[in-house]
Amino acid sequence: MNFGVIVFPGSNCDHDCIHVLSDVLGQKAIPVWHKESTLDGLDAIILPGGFSYGDYLRTGAIARFSPVMGAVKQFADEGGMVLGICNGFQILLEAGLLPGAMLRNRSLSFICRDVHVRVENAATPFTGRCRPGQVLKIPIAHADGNYYTDDVMLSQMKAAAQVVFRYCTADGQVTPEANPNGSLDHIAGVRNAAGNVLGMMPHPERSAEAVLGNDDGKLIFLSMLDALQKAKLKAVLT
Amino acid sequence: MKLHEQPIAKDLIAQHGLSDEEYKKIVEILGREPNLTELGMFSVMWSEHCSYKSSRVHLRKLPTTGPRVVQGPGENAGAVDIGDGLCAVFKMESHNHPSFIEPYQGAATGVGGILRDVFTMGARPIALLDSLRFGQLDKPLNRHLFKGVVAGIAGYGNCMGVPTVGGEVVFNDIYSQNPLVNAFCLGIARKDRLFKGLAAGIGNPVMYVGSKTGRDGIHGATMASDAFDEASEAKRPTVQVGDPFTEKLLLEACLELMDKDLLVGIQDMGAAGLTSSSCEMASRAGNGIDLDLTAVPRREPGMTPYELMLSESQERMLMIAKEGKEAEVLAICKKWDLDAAVVGRVTNDGILRVRDQGKVVAEIPAKALAEEGPRYERPNAPPPYQEHLQALNLDILPDVKEPTAALLSLLESPTIASKAWVYRQYDHMVRTNTLVRPGSDAAVVRIKGTNKAVAIATDCNGRYCLLNPYVGAGIAVAEAARNLVCSGALPIGLTDCLNFGNPERPDIMWQFILSIEGIKDACEAFGVPVVSGNVSFYNETNGLSIYPTPILGMVGLIEPADRAVTQWFKQAGDQIIVLGATRDDLGGTEYLRVAHHREQGSPPLLDLEAEKALQACVLALIGDGLVQSAHDCSDGGLAVTLAECCVSSPVHRLGAVVRLEPNGLRRDALLFGESQGRVVLSVKSSVVGQVLKTAEKMGVPAVTIGSVQGDRLVIDVAADRWGPGCRIDADLETLFDRWGKSLERTLEQE
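Below: a short report on this structure. Worth saying up front: this structure is predicted, and the values here are computed from it rather than measured.

## Quick notes on the environment of Gly-664 of chain B
Argument step 1. Residue placement: Gly-664 of chain B occurs in the loop between strand 24 (656-660) and helix 24 (667-672).
Argument step 2. Placed 208 residues apart in sequence, Gly-664 of chain B and Ile-456 of chain B show a C-alpha to C-alpha distance of 37 Å.

Okay, structure coming up:
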């Protein structure tokens, strides 16, 4: 499959995503410069982590104006799979492709460590390889991961099963202590209503190889591959 | 053309930190009086910070060659061969003075500077470490400095996407008025594609790339060459402000320019900015540079040539491009939204000539600025207080009565306690190479595309160096190597960051010279070359000098990468073995400071031959796959080391039951003494015999002291004819609470 990894000025997890997709999973993954205006020939898009535009003004607030974001929106509108990780998630929020916003971490400082997240919706193209309620160990690394939205939106999202990951303990309990950043309703990842766009604060590309301590994050990429293959097969058959 | 309009006033010379002798030499070199711009240029280039005038004659003694050395000292960073056509490029540098004045920006720009030193060589940075020293955290100022420095390091490194994978933090009140911030960076470059700071090729364009030049940081290098007093607060405007986002763009642009083979030479505009980068590149190549300031991108109008030449605005590079490639260079810079301009040409007359608005405003032989600064062999003498420091009468100090309580208070001493509060704020995983995260003896980072990893550790015990600079500096080398070896790495190179007081004082110079001797002898014993480094003098405030603190950053190679070993116990049932001999080494220990409020005595004995045998033995055992965990025994001695083996794992806690034979030692020396050359191993019980036999064959004392088991740490000391037995007994929760959470409690109390 052909993956495009968008490179904004200040992206810094682009190499890591490409490494996992190509060296670990044997897929084709190319960097896409943020000034590109088309995403032709790509099967899925990843917005990687980092500090696009230095996080100046507000995380993701400037990157959403990059020329490529028009193409990303169109790609998503046409049903293409878009995954935003960390800063990529923040950009998708600013661009309106996902609901909600990010606040500073409750501690007001950057946090880099392993966390556990519970898979709240295993019926998405990003989580097909997971069991419902499965606990994944994936690292976070951010200063602004305190997810927020209003009550109306939150109940809509819950009703539509848009909350995909919640922070939890190692044995799957959703507790205040297991919430690293103060995120509303312990939300660690959300999808759009159509289900083809996912944003998540944890970095699956950092936990996709056993040599790095654990490979739970690989499930996210394998799920995407499954979904893409299924879609291709369907397209061939019809 | 008249370069000097009016003679320079005497107080202006003094304000520029130049002595009368030095000024005379300037007049001699120029054959006339300098103008103000030229005076400023000489002032920064001949400052201690840039010229190494007090240290150079001594630094020459360090061993800098070896079969792996690709680039020794004198360039932006050193480089050692790691095979596969690659080399590890690394350096460590201090940013002490700016960090005291403005902790966040001081530390941030320290990280920015060391990153530039590494990527100007053509290396992609893959790891940062920071070695920090602060006063004790009971004082609000020290908490402020510590928090600010950590936030500054995080702010810059995280944004750059280079993981901060380790380092150390030591707390001692001697650093209260003069914290140390030493930043280390390692990058990987192709051996055949190393870039240097060379202004080669007459007529080649000199290009400026990066942030615009502002009025910030003027005379930063001169500030760093002066001691502190109450007036230092007023120097805040000389601290530069970092912009990591621009630096990230600069990094990517530079690597792209190098990849496309457009450059001849490149140098970071660090201390002394445009002046140092231009004269050093010209001088190294034996050429001159004709610089036109009119084209320099600037942040504000009305800047004088003096300000432009001395500005230390961050995130700027000076490059020598290949002739005719100017447009390609400009296009790549534009892609990355960076300012860039042709600001001069390489000339053949050896002169750094600076023009502004069509007028020549400075004209100085480049070599005179860069290399012909003064050299001092300053007087040295042992301080009168040295004898008092070393005199330690143990007979008047009672032996430990409550060893469990003593262990717990050592574990929560901030120097020993877990630094998780610190490294949690650093992105230590980005680039997905971090095989061993912060919190073990050394950080281990894999090299993608190879079967290798590098291990990195920084070390220095300033108290040992105060008590005996020669032994203390040697121990720093030995301990850095031991940390690498415990991770399964073969030490291959070293960078040093030598932090001392005022070199014009004979006692400080004495400390400096002996430290260099100590480093030299230890490096020669281990066969590890010094490939880069930095000297920071004048670390004193109101006449009180810091402890001599020669911090070492050592790099080792692990092959295959998955052989890396960590310090914590792995499995119940494993046997615990101590390699190396325990002696009566209480002098200069953390125990003596915590329990008896003394920083006195002689540091532990350093036996280089025994140390070499120990390290060879550990490497052989790890190579044979016999080692479950290996932990260097240092601050806090055997008891603290064992406690750390029990509770420092990020995934589990394991207890241990241990019995120690005192062999005539005091209980406190046995439990908390800091004898060098010791490592605590855990091994599967099936291989104990093999491990002991290997140790015996290699001449290393080895004794099985107990096993990994249960949920408590129990250390029994047998009775002998010198005294009764005693016992340490603590549950893992308590040990972890005191070791793992005390720093956080101290810092978050307000």
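## Some words on helix 22 (residues 608-623) of chain B
Since one α-helical turn is 3.6 residues long, residues separated by three or four positions face the same way.
Residue and element names in this part refer to chain B.
Argument step 1. The end-to-end C-alpha distance of helix 22, which contains 16 residues, comes to 22 Å, matching closely the 22 Å that a straight helix rising 1.5 Å per residue would cover.
Argument step 2. When we look at burial in helix 22, the residues that qualify are Leu-608, Glu-611, Ala-613, Leu-614, Gln-615, Cys-617, Val-618, Leu-621 and Ile-622.
Argument step 3. Turning to helix 22, the residues buried within the fold contact helix 19 (469-486), helix 20 (506-526), strand 22 (575-579), strand 25 (679-683) and helix 25 (688-697).
Argument step 4. The N-terminus of helix 22 is capped by Asp-607, whose side-chain oxygen sits 3.2 Å from the backbone nitrogen of Glu-609.
Argument step 5. Looking at the residues trailing helix 22, positive phi occurs at Gly-625, about 70 degrees.

## So, the interface of chain B and chain A
Argument step 1. Each partner contributes to the interface: chain B provides 29 residues, whereas chain A provides 28 residues.
Argument step 2. Taking both sides of the interface into account, the surface hidden between chain B and chain A amounts to around 2,400 Å²; carbon and sulfur atoms contribute 60%.
Argument step 3. Sorting the residues of chain B by area buried against chain A places Phe-245, Met-429 and Thr-432 of chain B first, and these three jointly supply 22% of that buried surface.
Argument step 4. Our count for the chain B to chain A interface comes out at 4 salt bridges.
Argument step 5. A salt bridge links Arg-206 of chain A to Asp-427 of chain B; the shortest N-O distance between them is 2.9 Å.
Argument step 6. Linking chain B with chain A are 10 residue pairs in polar contact (both at pLDDT 80 or more), by the criterion used here.
Argument step 7. Those elements that provide at least two residues to the side of chain B that touches chain A are helix 8 (140-160), helix 10 (244-259) and strand 14 (434-436) of chain B.

## Structural notes on the pairing of strand 6 (residues 111-119) of chain A
Argument step 1. Alignment of strand 6 of chain A against strand 7 (residues 135-142) of chain A, held across 8 bridges, turns out to be antiparallel. Directly across from Val-117 of chain A, in strand 7 of chain A, lies its bridge partner Leu-136 of chain A.

## With respect to the packing of helix 10 of chain B against helix 13 (residues 326-335) of chain B
Residues and elements named next belong to chain B.
Argument step 1. Following both chains from N to C, one finds helix 10 and helix 13 inclined at 150 degrees, their axes separated by 9 Å at the closest point. The pairing of helix 10 with helix 13 is recorded here as roughly antiparallel in orientation. You can see that helix 10 and helix 13 cross each other, and the crossing is right-handed. From helix 10, Ala-253, Glu-256 and Leu-257 reach across to helix 13, where they touch Val-329, Ile-332, Cys-333 and Lys-335.
Argument step 2. Across the contact of helix 10 with helix 13, the residue classes tally to 5 nonpolar, no polar and 2 charged.

## Some points on the sheet that holds strand 11 (residues 197-200) of chain A
Residues and elements named next belong to chain A.
Argument step 1. Taken together, the 9 strands give an open sheet; going across it, the order is 2-1-3-4-11-10-9-6-7, and neighbouring strands pair in mixed fashion. The outermost strands of the open sheet, each flanked by one partner alone, are strand 2 (28-33) and strand 7. Sheet twist, expressed as the mean angle between neighbouring strand axes with direction ignored, is 25 degrees.
Argument step 2. Lying on the sheet, helix 3 (residues 87-94) is in contact with strand 3 (44-47), strand 4 (81-85), strand 10 (187-191) and strand 11; it crosses strand 4 at an angle near 115 degrees.
Argument step 3. Sitting on the sheet, helix 5 (residues 218-237) touches strand 1 (2-7), strand 3, strand 4, strand 7, strand 9 (163-168) and strand 11, and the angle it makes with strand 4 is about 170 degrees.

## Describing unusual backbone geometry
Residues and elements named next belong to chain B.
Argument step 1. In this structure, the amide linkage connecting Glu-559 to the following residue, Pro-560, adopts the cis form with an omega of 0 degrees.
Argument step 2. Structurally, Pro-560 can be placed in the loop between strand 21 (549-558) and strand 22.
Argument step 3. For Asp-261, which is not glycine, the phi torsion reads 60 degrees and is therefore positive.
Argument step 4. One can find Asp-261 in the loop between helix 10 and strand 8 (263-268).
Argument step 5. Relative accessible area serves as the criterion here: at 41%, Asp-261 is assigned to the partly exposed category.
Argument step 6. With phi around 50 degrees, Asn-542 is a residue other than glycine that occupies positive phi space.

## Side note on the side chain of Ser-536 of chain B
Residues and elements named next belong to chain B.
Argument step 1. Looking at where Ser-536 falls in the secondary structure, it is placed in strand 18 (residues 530-536).
Argument step 2. Given a relative accessible area of 5%, Ser-536 falls into the buried group.
Argument step 3. At 3.2 Å, the side chain of Ser-536 forms a polar contact with the side chain of Asn-96.
Argument step 4. Contacts of Ser-536, omitting those with residues within four sequence positions, involve Ser-94, Asn-96, His-97, Leu-498, Asn-499 and Phe-500.

## A few points about the side chain of Ser-682 of chain B
Argument step 1. With respect to the helices and strands, the residue Ser-682 of chain B is situated in strand 25.
Argument step 2. Separated by 2.6 Å, the side chains of Ser-682 of chain B and Ser-629 of chain B make a polar contact.

## Some words on the packing of aromatic side chains
Argument step 1. Using the criterion set out here, one finds 17 aromatic pairs over all chains in the structure.
Argument step 2. On the basis of an interplanar angle of 45 degrees and a centroid distance of 5.8 Å, the ring pair of Tyr-53 of chain A and Phe-245 of chain B is categorised as tilted. In this pair, Tyr-53 of chain A is assigned in the loop between strand 3 and helix 2 (68-77) and Phe-245 of chain B in helix 10, connecting two distinct chains. Residue Tyr-53 of chain A shares its accessibility class with Phe-245 of chain B, and that shared class is buried.
Argument step 3. A network of ring pairs unites the aromatic residues Phe-134, Phe-146, Phe-171 and Trp-421 of chain B as a single cluster.

## Observations concerning the pattern of salt bridges
Residue and element names in this part refer to chain B.
Argument step 1. Under the criterion given, the structure shown has 65 salt bridges over all chains.
Argument step 2. Here Lys-24 makes a salt bridge to Glu-21, at a shortest N to O gap of 3.6 Å. Placement of both Lys-24 and Glu-21 in helix 2 (residues 20-30) is noted, with a separation of 3 residues, approximately one turn of the helix. Each member of the pair Lys-24 and Glu-21 is classed as exposed.
Argument step 3. Between Glu-168 and Arg-133 there is a salt bridge, and its shortest N-O distance comes to 3.0 Å.

## Concerning the packing of helix 3 (residues 36-45) of chain B against helix 11 (residues 273-285) of chain B
Residue and element names in this part refer to chain B.
Argument step 1. Running from N to C, helix 3 and helix 11 cross one another at 75 degrees; their axes reach a closest spacing of 10 Å. Taken together, the axis directions place helix 3 and helix 11 in an arrangement best described as roughly perpendicular. Contacts between helix 3 and helix 11 involve Met-41, Val-44 and Met-45 from the former and Thr-275, Ser-276, Cys-279 and Glu-280 from the latter.
Argument step 2. Looking at the contact of helix 3 with helix 11 residue by residue, the classes come out as 4 nonpolar, 2 polar and 1 charged.

Cut-offs applied
Residues numbered from 1 in each chain as written. Chains lettered and ligands numbered in written order. Predicted model: local features only at pLDDT ≥ 70, side-chain atom pairs only at ≥ 80, totals over all residues. Heavy atoms only, no water. Helix = DSSP H or I, 4+ residues; strand = E, 2+ residues; numbered from the N terminus. Expected span 1.5 Å × (residues − 1). Buried < 20%, exposed > 50% of the residue type's maximum accessible area, 1.4 Å probe, protein only. Contact = heavy atoms within 4.5 Å. Polar contact = N/O pair within 3.5 Å; in protein donor to acceptor, adjacent residues only side chain to side chain. Buried area = accessible area lost by both parts, 1.4 Å probe. Salt bridge = Lys/Arg side-chain N within 4 Å of Asp/Glu carboxyl O. Pairing = 2+ DSSP bridges. Axes fitted to C-alpha atoms, helices over the stretch in contact; angles between N-to-C directions. Parallel < 35°, antiparallel > 145°, perpendicular 65-115°, else oblique. Left-handed = near helix turned anticlockwise from the far one by under 90°. Nonpolar A, V, L, I, M, F, W, Y, C, P; charged D, E, K, R; others polar. Phe/Tyr/Trp six-rings, centres within 6.5 Å; stacked < 30°, edge-to-face > 60°.

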